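# Structure assessment
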Amino acid sequence: MLSGLFSRSAARAADFSHLDQASVEFREVVKRYGDHPVLKGINLSIAPGEVVAILGPSGSGKSTLIRLINQLESLNGGEILIDGKPTGKLTGTALRQLRSRVGFVFQQFNLYAHLTASQNISLALEHVHGWKAPQAQERALTLLDKVGMVEKAEHYPAELSGGQQQRVAIARALASSPQIILFDEPTSALDPEMIGEVLQVMKALAHSGITMIVVTHEMQFAREIADRVVFIDGGQILETAPPEQFFRHPEHPRARQFLQKVLNPLHQELP
């Protein structure tokens, strides 16, 4: 479905131009809001091309964790490295270069209401990456085709369902051929019947060479698609494991309690 999606753009960022795949490393990462600690000394390494599902209860720090990667939030301590390069102090052009290599898919889509689907994708290519309008439009249509949305290219967000909007948002995140794509609960704002179409697009992306870090409540996606599950609670990583191990035999008591609640709503015992 997504073959040919990751052809590299000519408008590469100098600091990250050699990357075909990218690793992400957290070293003693700390984040606070005022006096409230959100992340408490996070250490985590994600390999190039790995698909990682971040699981945990609401308020555990999952979304903050990924928002730190491209500086949608700022660090209070520690370091985050991409392909071995610290990113916490990047500003200006260097930060824009980093963000061109790291795509982000938001929970609430964040599409521009006054732009069509194709314009939502081509805008940054033209005004941030310096593409000519015809090339940016061609790229937008190619990506919309890959996510099954090319027939909606001239539709505005208000004319699209939630699932369709999120597929446009995924296409937009892929526009600059990022090596890493971050998903912040991409299906949580969707009606149940629309979730499947978005998960199918994400499934097609998995294991294509791009590094995917997915904050999600979709346990089936985490179990079937992820290479690894990272369980967070109280701002700390309590367990990391392959999906089959995590879902069958979680080691940490808090992880077992979490799975009992999300997989067995009547609080039945896990096998």
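The rules we used
- Residues numbered from 1 in each chain as written.
- Predicted model: local features only at pLDDT ≥ 70, side-chain atom pairs only at ≥ 80, totals over all residues.
- Heavy atoms only, no water.
- UniProt positions renumbered as here; feature names shortened; annotations may be inferred.
- Pairing = 2+ DSSP bridges.
- Helix = DSSP H or I, 4+ residues; strand = E, 2+ residues; numbered from the N terminus.
- Axes fitted to C-alpha atoms, helices over the stretch in contact; angles between N-to-C directions.
- Contact = heavy atoms within 4.5 Å.
- pLDDT = per-residue confidence, 0-100.
- Buried < 20%, exposed > 50% of the residue type's maximum accessible area, 1.4 Å probe, protein only.
- Parallel < 35°, antiparallel > 145°, perpendicular 65-115°, else oblique.
- Left-handed = near helix turned anticlockwise from the far one by under 90°.
- Nonpolar A, V, L, I, M, F, W, Y, C, P; charged D, E, K, R; others polar.

An unreviewed UniProt entry lists the protein under the name Amino acid ABC transporter ATP-binding protein, with Lelliottia wanjuensis given as the organism. Recorded under Sequence similarities (unreviewed entry), the UniProt text for the protein is reproduced unchanged: "Belongs to the ABC transporter superfamily." Heading Subcellular location (unreviewed entry) of the UniProt record for the protein holds this comment: "Cell inner membrane".

## Focus on the sheet that holds strand 10 (residues 236-241)
Taken in spatial order, the 6 strands of this open sheet run 6-7-8-3-9-10, and their pairing is mixed. The sheet is open, and its two edges are formed by strand 6 (102-105) and strand 10, each paired on a single side. Geometrically, the sheet is characterised by an average inter-axis angle of 20 degrees between neighbouring strands, direction not taken into account. Inspection of the sheet shows strand 3 (residues 51-55) paired to strand 8 (residues 211-215) by 4 bridges, in the parallel sense. Bridge pairing in strand 8 places Ala 53 opposite Val 214. Packed on one face of the sheet, helix 5 (residues 162-173) meets strand 6 and strand 7 (180-184) and runs near 170 degrees to strand 6.

## With respect to the confidence of the model for the protein
For the protein, the average pLDDT comes to 88, and 90% of its residues sit at 70 or higher. Across residues 1-20, where pLDDT falls below 50, the model places 52 contacts with residues more than four positions away in sequence or in other chains.

## Details of unusual backbone geometry
Notably, Ser 177 is not glycine yet its phi reads approximately 55 degrees, a positive angle. Summarising the element assignment, Ser 177 is placed in the loop between helix 5 and strand 7. Of note, the phi angle at Glu 185 is positive, near 45 degrees, even though the residue is not glycine. Along the chain, Glu 185 falls in the loop between strand 7 and helix 6 (192-205). Overall, the relative accessible area of 13% leaves Glu 185 in the buried class.

## Observations regarding the packing of helix 3 (residues 117-127) against helix 5
Two numbers describe how helix 3 lies on helix 5: the axes approach to 9 Å, and their chain directions differ by 20 degrees. Our classification of the angle between helix 3 and helix 5 gives roughly parallel. When the axes of helix 3 and helix 5 are compared, the crossing they make is right-handed. Between helix 3, through Ala 117, Asn 120 and Ile 121, and helix 5, the contact on the second element is made entirely by Val 168, Ala 171 and Arg 172. Split by residue class, the contact of helix 3 with helix 5 holds 4 nonpolar, 1 polar and 1 charged.

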